[in-house]
Amino acid sequence: MLYYLAIGNQADDPLRARLLLVDHLLKDPTFSVLRTKEQLGYIVQSMVWYRSSTMGFVIRIQSERHPTYVEKRIETFLESHRSEIAGMNTEEFEKQRKGLVNKQRQRLENLTEETSRFWYHIQSEYQDFTRREPFKNIG
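Residues numbered from 1 in each chain as written. Predicted model: local features only at pLDDT ≥ 70, side-chain atom pairs only at ≥ 80, totals over all residues. Heavy atoms only, no water.

1. Things to note about the pairing of strand β2 (residues 43-51)
Rules: Only protein chains enter the calculation, and the probe is 1.4 Å; a residue is then buried if its accessible area is under 20% of its type maximum, exposed if over 50%, and partly exposed in between. Per the convention used, a helix needs a DSSP run of H or I reaching at least four residues, while a strand needs a run of E reaching at least two, with both numbered from the N terminus. Two strands make a pair as long as DSSP finds a minimum of two bridges between them.
Here β2 shows a buried face lined by V44, S46, V48 and Y50 and an unburied face lined by I43, Q45, M47, W49 and R51. Pairing between β2 and strand β3 (residues 54-62): nine bridges, direction antiparallel. Residue pairing for β3: V44 is matched across the bridge by I61. Taking the residues between adjacent antiparallel strands as the criterion, β2 and β3 are bridged by two residues, where S52 takes a positive phi near 50°.

Here it is as structure tokens:
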């Protein structure tokens, strides 16, 4: 099951940066809550998803449970973490933001990583091969 939230146009750098931060904040909790705690499925992951000119946030779960049940659990998870993120203190927020900036600024380690990045741009149909991510505005 793919649970997709359409966010906006991927050419909007500030919006894309905020979406990447949300993904960074939710990546570990998505796995730990939905996979480990609730045991919704063997494959549980969250990611930013780029397609053509749009972008969104996806939670992917491979589960034997009914899709309606899985969807309700995802919505409950997102709602609970919405208030958690909104209530985050300034120090924790800055720590998370800097962690994401540092992660995005890491150099690619090998040709496989660079090839994967280029193929991702091709598959997304956006094809801005010079763009890593928009951290000039938040870093």
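Picking up where we left off.
2. Examining helix α1 (residues 13-37)
Counted only if it meets this: Multiply 1.5 Å by the residue count of a helix minus one, and that product is the helix's expected span. Each residue is assigned a bend, namely the angle between axes fitted to the seven residues that terminate at it and the seven residues that start at it.
Given a rise of 1.5 Å per residue, 25 residues ought to cover 36 Å, and the 35 Å separating the end C-alpha atoms of α1 matches this to within 8%. Along its length, α1 shows its largest kink, about 40°, at L26, and proline P29 lies within four residues downstream of that point. Looking one or two places after α1, you find Q39, whose phi comes out positive at around 50°.

3. Section: unusual backbone geometry
Even without being glycine, Q39 reaches a positive phi, approximately 50°. Within the secondary structure layout, Q39 lies in the loop between α1 and β2. We classify Q39 as exposed; its relative accessible area is 56%.

4. What about the nonpolar core?
Stated precisely, the cut-off is as follows: Here, nonpolar core means buried Ala, Val, Leu, Ile, Met, Phe, Trp, Tyr and Cys residues that are tied together by side-chain atoms lying within 4.5 Å of each other. Contacts were defined at the residue level, with two residues in contact if any of their heavy atoms lie within 4.5 Å.
By size, the foremost hydrophobic cluster in this structure holds 22 residues, and its most contacted members are L34, F57, I59, I61, I74, F77 and L78. Only α1, β2, β3 and α2 (67-86) provide two or more residues apiece to this core. Every residue in contact with F77, bar those within four places of it in the chain, is listed here: L26, P29, T30, V33, L34 and I59.

5. Overview of the confidence of the model for the protein chain
As a reminder of what qualifies: A score from 0 to 100, pLDDT tells how confident the predictor is in each residue.
The predicted model of the protein chain has a mean per-residue pLDDT of 85, with 88% of residues at 70 or higher. When the criterion is pLDDT under 50, residues 133-139 qualifies, and its contacts beyond four places in sequence or with other chains add up to 22 contacts.

6. Points about the packing of aromatic side chains
Heads up, the condition is: Between 30 and 60 degrees the pair is tilted, below 30 it is stacked and above 60 it is edge-to-face, where a pair is any two Phe, Tyr or Trp rings, Trp via its six-membered ring, whose centres lie within 6.5 Å.
The final tally for this structure, using the stated rule, is one aromatic pair. Residues Y4 and W49 carry aromatic rings whose centres are separated by 5.8 Å and whose planes lie at 85° to one another, so their mutual orientation is edge-to-face. With a gap of 45 residues between them, Y4 in strand β1 (residues 2-9) and W49 in strand β2 connect regions that are remote in the sequence.

7. Here's the deal with the packing of α1 against helix α3 (residues 90-105)
Two packed helices can be described by the angle between their axes and the distance between those axes. Note the cut-off: Working convention: axes come from line fits to C-alpha atoms, limited for helices to the stretch in contact. Angles between N-to-C directions cover 0 to 180 degrees. Working definition: roughly parallel below 35 degrees, roughly antiparallel above 145 degrees, roughly perpendicular at 65 to 115 degrees, and oblique for all remaining angles.
At a minimum axis separation of 10 Å, α1 and α3 run at an interaxial angle of 105°. Relative to α3, α1 is oriented roughly perpendicular. Taking contact as the criterion, the partners of L20, L21, H24 and L25 in α1 are, on α3, F93, Q96, R97, G99 and L100.

8. Examining the pattern of salt bridges
Cut-off, in case you're wondering: By salt bridge we mean one thing: a side-chain nitrogen of Lys or Arg within 4 Å of a carboxyl oxygen of Asp or Glu.
Applying the stated criterion across every chain, the model contains five salt bridges. Of the charged contacts, one joins D13 and R16 as a salt bridge, the two residues approaching to 2.7 Å between their closest N and O atoms. Pair noted here: D13 and R16 are both in helix α1, with a separation of three residues, about one helical turn. For the pair formed by D13 and R16, the shared burial category is buried. As a salt-bridge pair, E79 and R82 come within 3.9 Å of each other at their nearest N and O atoms. In this pair, E79 and R82 both sit in helix α2, three residues apart, roughly one turn of the helix.

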